[in-house]
Amino acid sequence: MATRQKSAQKSTARVEVKNETKSGAKVRSGSTANGTMEPAKGKLGVMIPGMGAVATTFVAGVEAIRKGLAKPIGSLTQMGTIRLGKRTDGRSPKVKEFVPLAGLDDLVFTGWDIFEDNMYEAASNAGVLDYRLLEQLKPFLSTVTPRAAVFDHNYVKKIDGPNVKKGKTKMDLAEQLRDDIRDFKKTSGASRLITMWCGSTESYIEPTAAHQSVKSFEKALRENDELIAPSMIYAYASLMEGVPFANGAPNLTVDLPVMLELSRQNEAPICGKDFKTGQTLMKTVLAPAFKARLLGLSGWYSTNILGNRDGEVLDDPGSFKTKEESKLGVLEHILQPGLYPELYGNIFHKVRINYYPPRGDNKEGWDNIDIFGWLGYPMQIKVDFLCRDSILAAPIVLDLVLFLDLAKRCSALRGLGIQEWLSFYFKSPMTAPGLYPEHDLFIQLMKLKNTLRHLKGEELITHLGLEYYD
Ligand SMILES: NC(=O)c1ccc[n+]([C@@H]2O[C@H](COP(=O)([O-])OP(=O)(O)OC[C@H]3O[C@@H](n4cnc5c(N)ncnc54)[C@H](O)[C@@H]3O)[C@@H](O)[C@H]2O)c1
């Protein structure tokens, strides 16, 4: 008790209780020493370009949870807790009771796709969820129909579809998307919006002069510059409307100076790219362990077999190159070969994705890892992860939706542009220009939780712990 009082005195928080969730839990919003946090009032509109396996597994999952048919397993916002104060304080509220997040009942959805299937049909085709569950969700899922997409076959060579917008210039297409956004806001009655890219992986491109500023980008939109990919047009439209944008694919999309400028200007947060789900999740758990124990690494061979539409799209070398870049980046940043040349200066790192239809969404990811220990003696580790891609991705989508909405309501976060504290969810986290990203999953988790503590004026947790031995 004495300890609790001491830590409460130290905290500079001035917190008012504003919201009460349907479950009756008190959710605190208001102002702290670190800014204001508006309450989550009204509906939150989730707009999803790409209504495929991930998007439908997410939306169907939210509806199943709302109906009490399933549990939000894998979601930090729904099941996670956050320790506050000292280990002896016994304060570990649920994350959703600590910060004012939108409730699942407040979520409303729309999407865009090149195919005309509604969410029920798209989920049935994706084949991720059991048809008995889908039948129970059919009345709801059938109401979510796709808006016409902004699409360019040159960017996703393996697919084509009829539900596509027409426009003379890319600026016309952006305007049409902005109309869609305003229309959804009006018709759904949402008070706030989020855009979550769950579309296919686009061909690899590098930034050019056109991507360097809002002025050059808008000129390029009007001139139909071929290096403006469809995902960038969605991002531009969202950020112009002041809507936060997250990118589930490894596309360049918001990883560009123009988007950072727009994000800051319009207080529309952005974060990393490419959901960290299966193999890379494991990589960012294992590699930090090797580094922590100073075990060397000579090679890491990762291969996957995957049979869903994502696997088909990634069979195209252009799309695969985009994914490969995203997957390869993590080891270099975690292992820091510049600091540890004898251990990590000569690593052979290979990533393969093979399209293999019989597996559908149930990917198999193999890793063969060659490490070496004391006196250089070699050892091997084999990982065989039989995962379900979209089952791993859906809770990430949910958390990102809720946290980006929180960022937009926090005075300390909404004008920053990049939300580095959300690195936890991405294979390629975004950071301020010139800063290397943190890939270690547990550093990312600490960064996320400390950000929440900071927002609420709680003490940050350093794990020093000397005070227990005073
Ligand atoms: N599932 C995972 O574990 C995981 C992890 C990381 C990244 N991702 C990425 O998430 C994305 C979605 O994955 P998925 O398994 O749902 O793929 P999917 O192929 O099932 O769905 C993608 C959908 O996007 C649509 N689409 C493509 N271009 C579009 C455009 N310009 N506008 C609107 N719709 C468009 C396609 O028609 C398709 O329906 C992919 O880029 C994938 O690489 C998935």
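Residues numbered from 1 in each chain as written. Predicted model: local features only at pLDDT ≥ 70, side-chain atom pairs only at ≥ 80, totals over all residues. Heavy atoms only, no water.

Undergrad: What is the right way to read the sheet that holds strand E9 (residues 270-275) from this model?
TA: Backbone hydrogen bonds are what pair the strands of a sheet, in a parallel or an antiparallel way. One open sheet accounts for seven strands, arranged E6-E5-E4-E7-E8-E9-E14; its pairing is mixed. Two strands lie at the open edges of the sheet, namely strand E6 (146-148) and strand E14 (426-428), each paired on one side alone. Strand-to-strand twist of the sheet, defined as the mean angle between neighbouring strand axes without regard to direction, takes the value 35 degrees. Here strand E7 (residues 190-197) runs beside strand E8 (residues 245-247); their pairing, made up of three bridges, is parallel. Each bridged residue has a counterpart across the sheet, and for Thr195 the counterpart in E8 is Phe245. Sheet strands in contact with helix H2 (residues 53-66) are strand E4 (43-49), strand E5 (107-113) and E9, and its direction is about 160 degrees off that of E5. (Pairing = 2+ DSSP bridges. Helix = DSSP H or I, 4+ residues; strand = E, 2+ residues; numbered from the N terminus. Axes fitted to C-alpha atoms, helices over the stretch in contact; angles between N-to-C directions. Contact = heavy atoms within 4.5 Å.)

Undergrad: Would you mind showing me how to read the site of the ligand here?
TA: For the ligand, the set of nearby residues contains 32 residues, the closest of which are Val54, Asp113, Val150, Gly199 and Tyr234. In the environment of the ligand, an oxygen atom lies 2.8 Å from a nitrogen or oxygen atom belonging to the backbone of Gly199. Within the side chain of Thr201, a nitrogen or oxygen atom sits 3.0 Å from an oxygen atom of the ligand. Relative to its unbound accessible surface of 840 Å², the ligand loses 98% to contact with the protein. Those elements that place two or more of their residues in the shell around the ligand are H2, E5, helix H9 (230-240), E9, helix H12 (309-313) and helix H15 (389-409). It is H15 that provides the largest number of residues to the shell around the ligand, a total of three residues. Class assignment for the residues of the shell around the ligand results in 16 nonpolar, nine polar and seven charged. (Near = heavy atom within 4 Å. Polar contact = N/O pair within 3.5 Å; in protein donor to acceptor, adjacent residues only side chain to side chain. Areas by Shrake-Rupley, 256 points an atom, 1.4 Å probe, with all protein chains shown as cover. Nonpolar A, V, L, I, M, F, W, Y, C, P; charged D, E, K, R; others polar.)

Undergrad: Looking at this structure, I do not really get the sheet that holds strand E10 (residues 296-306). What am I missing?
TA: In spatial order, the strands read E11-E10-E12-E13; together these four strands make up an open sheet with mixed pairing. The two strands at the open ends of the sheet, each matched to only one other strand, are strand E11 (348-355) and strand E13 (378-386). Between one strand axis and the next, the sheet turns through 10 degrees on average, direction left out of account. Two strands pair when backbone bridges link them, and E10 and strand E12 (residues 364-372) are joined in this way by nine bridges, in the antiparallel orientation. Within E12, the position partnered with Gly299 by the bridge is Asp370. Across the sheet, helix H11 (residues 279-292) is in contact with E10, E11, E12 and E13; its angle to E10 comes to roughly 170 degrees.

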